[in-house]
Amino acid sequence: MKLHRIQALLFRYLYIYPRSIPRILDIFIWPLVDVLIWGLITVFLQQSRPDFPLSLLLGAVIFWDFILRAQQAVTISFMEEIWERNLFNIFVTPIRLYEFLFATFLVGIVRITLIGISLGVSSFILFNFNLFSFGFYLVPFVINFFIFGWILGLLATAILLRFGQSAQVIAFAFTTFLQPLIAVFYPVSALPKFIQPIALAIPATQVFEGMRMVILQNKFPMHNFIMAGILNIIWFIIAINILYKMFNYVIENGKLLKLVD
Amino acid sequence: MLSLLEVKNLTKTFGTFTAVDNISFSLSEGEILGFIGPNGAGKTTTIQMLLGLIKPTSGSVFIFGKDMAKYRNEVLSEVNFSSAYVSLPGNLKVWENLYTFARLYGVKKYKERVSELVEFFEIGSLFNKMYGSLSSGQATRVNLAKALLNKPKLLFLDEPTASLDPDIADRTRKFLKQIQIEQGIAILYTTHNMMEVEELCNRAIFINEGKIITQGTPNKLIKKYGLQDLNEVFIKIARDI
Ligand SMILES: Nc1ncnc2c1ncn2[C@@H]1O[C@H](COP(=O)(O)OP(=O)(O)OP(=O)(O)O)[C@@H](O)[C@H]1O
Ligand SMILES: [Mg+2]
């Protein structure tokens, strides 16, 4: 792992942020829209159930955004190189695939930090919701969600490598497909019985279950977090293996210059 | 003379189709080798194999005496590549692009190196422009600057002058000639412009349907076929098979 190469890529992705309107929207406007919608739904629910906790939906949508944005940080970085016909240039430098992936991981951290601030501030101003009311629990939440988002990013990138640019819609919608199973806004018990074990095999589902325990029962469900940690490790190993397989597929089949079409 | 590149029995099949068929050749220090042949002959596939971005079906590639299958990343720090079919990110400025690649190659004192190249290729006025806004001639010069950032000993150029007007193409060749003379860089060069090969290349290899048909200095090839110029040689070879 060479620091100068990772730094090179990190700068390369951050150069574009200040002057790219879609990216600024991504960080500041979309999170605000999410907070508005779920905050207002909560206000509406509180009209008939005054004790409905503010954090249940607002906390959920904020954490959901963490996952989604972490995933996008990886996928967009990669997509960016395909769009710009630059992937070949990158891989004729001495860079290794894992260095590239690590750089996208760091881009993700930068994005999440900015989006986290944007979400935290807007939900505080608009609905007087303090994200830090989760206190210490925020740390395991954020780490687990972020890692899971990154894993989804690796899987989406694997799809791009295997099927090229034409699969970008799938690669980007991928995380949203999983959303019902992740049980972001409702407990796993609301899902059909036979789907529940599948849902619980997803690391983020465990964390959202844990989050609801914290909010509704003020208990920290250690087992959810241990499960989430173990599942994240398993998912990560699988995702990284799939990604390397797909990269080898590209090298084997001479697809690196052909990902564009 | 020291051989920088040794290619032995290199073959690539995609399914049942053989794109590159058992080719062997070498490239010496300071030599510009024209790698020419009709569309679909297998030039780009070969170059990608040499750079380790397509896995050969069989055969070997040694660069600086090192097996690319084993020492790829080490070798790549002293090699570079440019082509009209890849581009640098259009949403980065020229300097951002050059700094990024200099850092990727781990160039020491990279700002100085970039300044040298900017001066050499006369792209100072483009330094602050977005790469995406450049004309193809301007972009080509920036691409070449990128390709020289790490002072490569071996340079792969796949149709670098495609889409350039004759004037800019001529200036680009002068740059390349100067680099070869001053820095002794070896270049593997593909083009469809035979005049360019006569002017620039010390030696040329003709390939067609993945196989090497003939090779030699441009003059020898013209004599061998008893023709006027390399263009006629190209047409004869392309049609006779
Ligand atoms: N990934 C691939 N899968 C299947 N066939 C391929 C692949 N890449 C190249 N080919 C085929 O291999 C042959 C050689 O292609 P290549 O791009 O190497 O030719 P070339 O000599 O560079 O041609 P040009 O002068 O047009 O650039 C072509 O017939 C092409 O269709
Ligand atoms: Mg080609």
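For clarity, every value in this text was computed on a predicted model and none was experimentally measured.

### Brief notes about the domain arrangement of chain B
Residue and element names in this part refer to chain B.
Part 1 of the reasoning: Looking at the assigned domains, one finds that chain B contains domain 1 (24-78 + 152-241) and domain 2 (89-151).
Part 2 of the reasoning: Computed from C-alpha coordinates alone, the two centres of domain 1 and domain 2 are separated by 24 Å.
Part 3 of the reasoning: Applying the counting criterion to the domain 1 and domain 2 interface returns one salt bridge.
Part 4 of the reasoning: As a salt-bridge pair, Arg171 and Glu122 come within 3.2 Å of each other at their nearest N and O atoms.
Part 5 of the reasoning: At the junction of domain 1 with domain 2, the criterion picks out two residue pairs in polar contact (both at pLDDT 80 or more).

### Details of the interface of chain A and chain B
Many authors give the size of an interface as the accessible area that is lost as the parts come together.
Part 1 of the reasoning: In this assembly, 29 residues from chain A lie in contact with 34 residues from chain B.
Part 2 of the reasoning: When the two sides are added together, the surface that chain A and chain B hide from each other amounts to roughly 2,900 Å², 59% of it contributed by carbon and sulfur.
Part 3 of the reasoning: Two residues, Arg19 of chain A and Glu96 of chain B, come together in a salt bridge whose shortest N-O distance is 2.5 Å.
Part 4 of the reasoning: Taken together, chain A and chain B are joined by 17 residue pairs in polar contact (both at pLDDT 80 or more).
Part 5 of the reasoning: For the side of chain A that touches chain B, the secondary-structure elements that each account for two or more residues are α1 (3-16), α4 (87-91) and α10 (222-253) of chain A.
Part 6 of the reasoning: Looking at which element gives the most residues to the side of chain A that touches chain B, the answer is α1 of chain A, with nine residues.
Part 7 of the reasoning: Looking at the side of chain A that touches chain B, its residues break down into 14 nonpolar, seven polar and eight charged.

### Digging into the side chain of Asp65 of chain A
Part 1 of the reasoning: On the secondary structure map, Asp65 of chain A appears in helix α3 (residues 54-83).
Part 2 of the reasoning: Setting aside its immediate chain neighbours within four residues, Asp65 of chain A contacts Pro31, Asp34 and Leu119 of chain A.

### Looking at unusual backbone geometry
Part 1 of the reasoning: Of note, the phi angle at Lys109 of chain B is positive, near 45°, even though the residue is not glycine.
Part 2 of the reasoning: The class for Lys109 of chain B is exposed, based on a relative accessible area of 62%.

### Structural notes on the pattern of salt bridges
Residues and elements named next belong to chain B.
Part 1 of the reasoning: Using the criterion set out here, one finds 19 salt bridges over all chains in the structure.
Part 2 of the reasoning: Between Glu78 and Lys153 there is a salt bridge, and its shortest N-O distance comes to 3.5 Å. Of this pair, Glu78 sits in the loop between α2 (68-76) and β6 (79-83) while Lys153 sits in the loop between α5 (136-148) and β7 (154-158); the two residues are 75 residues apart in sequence, bridging distant segments of the chain.
Part 3 of the reasoning: For Glu78, a relative accessible area of 30% puts it in the partly exposed group.
Part 4 of the reasoning: Two residues, Arg113 and Glu116, come together in a salt bridge whose shortest N-O distance is 2.8 Å. Here Arg113 pairs with Glu116, and both are found in helix α4 (residues 110-120), just three residues apart, close to one helical turn.
Part 5 of the reasoning: One network of salt bridges, with partners in common, ties together Asp170, Arg173, Lys174, Glu196 and Glu199.

### What to know about the sheet that holds strand β10 (residues 211-216) of chain B
Residue and element names in this part refer to chain B.
Part 1 of the reasoning: Judged by pairing direction, the sheet is mixed, and its six strands sit side by side in the order β6-β7-β8-β3-β9-β10 without closing on themselves. If you trace the sheet from one side to the other, it starts and ends with β6 and β10, each paired once. In this sheet, neighbouring strand axes are inclined to one another by 15° on average, regardless of whether the strands run parallel or antiparallel.
Part 2 of the reasoning: Relative to β10, strand β9 (residues 203-208) runs antiparallel, the two being bridged by five bridges. Bridge pairing in β10 links Phe206 to Thr214.

### What about the packing of α3 of chain A against helix α9 (residues 203-217) of chain A?
All names here are of chain A.
Part 1 of the reasoning: Closest axis-to-axis distance for the α3/α9 pair is 11 Å, and the angle between their directions is 155°. On the basis of their axis angle, the class for α3 and α9 is roughly antiparallel. Here α3 and α9 pass one another in a crossing that is right-handed. Along the contact surface, α3 presents Ser55, Leu56, Gly59, Ala60, Phe63, Trp64 and Ile67, while α9 presents Ala204, Phe208, Met211, Arg212, Ile215 and Leu216.
Part 2 of the reasoning: Looking at the contact of α3 with α9, its residues break down into ten nonpolar, two polar and one charged.

Rules behind the numbers
- Residues numbered from 1 in each chain as written.
- Chains lettered and ligands numbered in written order.
- Predicted model: local features only at pLDDT ≥ 70, side-chain atom pairs only at ≥ 80, totals over all residues.
- Heavy atoms only, no water.
- Domains from an automatic or database assignment.
- Salt bridge = Lys/Arg side-chain N within 4 Å of Asp/Glu carboxyl O.
- Polar contact = N/O pair within 3.5 Å; in protein donor to acceptor, adjacent residues only side chain to side chain.
- Contact = heavy atoms within 4.5 Å.
- Buried area = accessible area lost by both parts, 1.4 Å probe.
- Helix = DSSP H or I, 4+ residues; strand = E, 2+ residues; numbered from the N terminus.
- Nonpolar A, V, L, I, M, F, W, Y, C, P; charged D, E, K, R; others polar.
- Buried < 20%, exposed > 50% of the residue type's maximum accessible area, 1.4 Å probe, protein only.
- Pairing = 2+ DSSP bridges.
- Axes fitted to C-alpha atoms, helices over the stretch in contact; angles between N-to-C directions.
- Parallel < 35°, antiparallel > 145°, perpendicular 65-115°, else oblique.
- Left-handed = near helix turned anticlockwise from the far one by under 90°.

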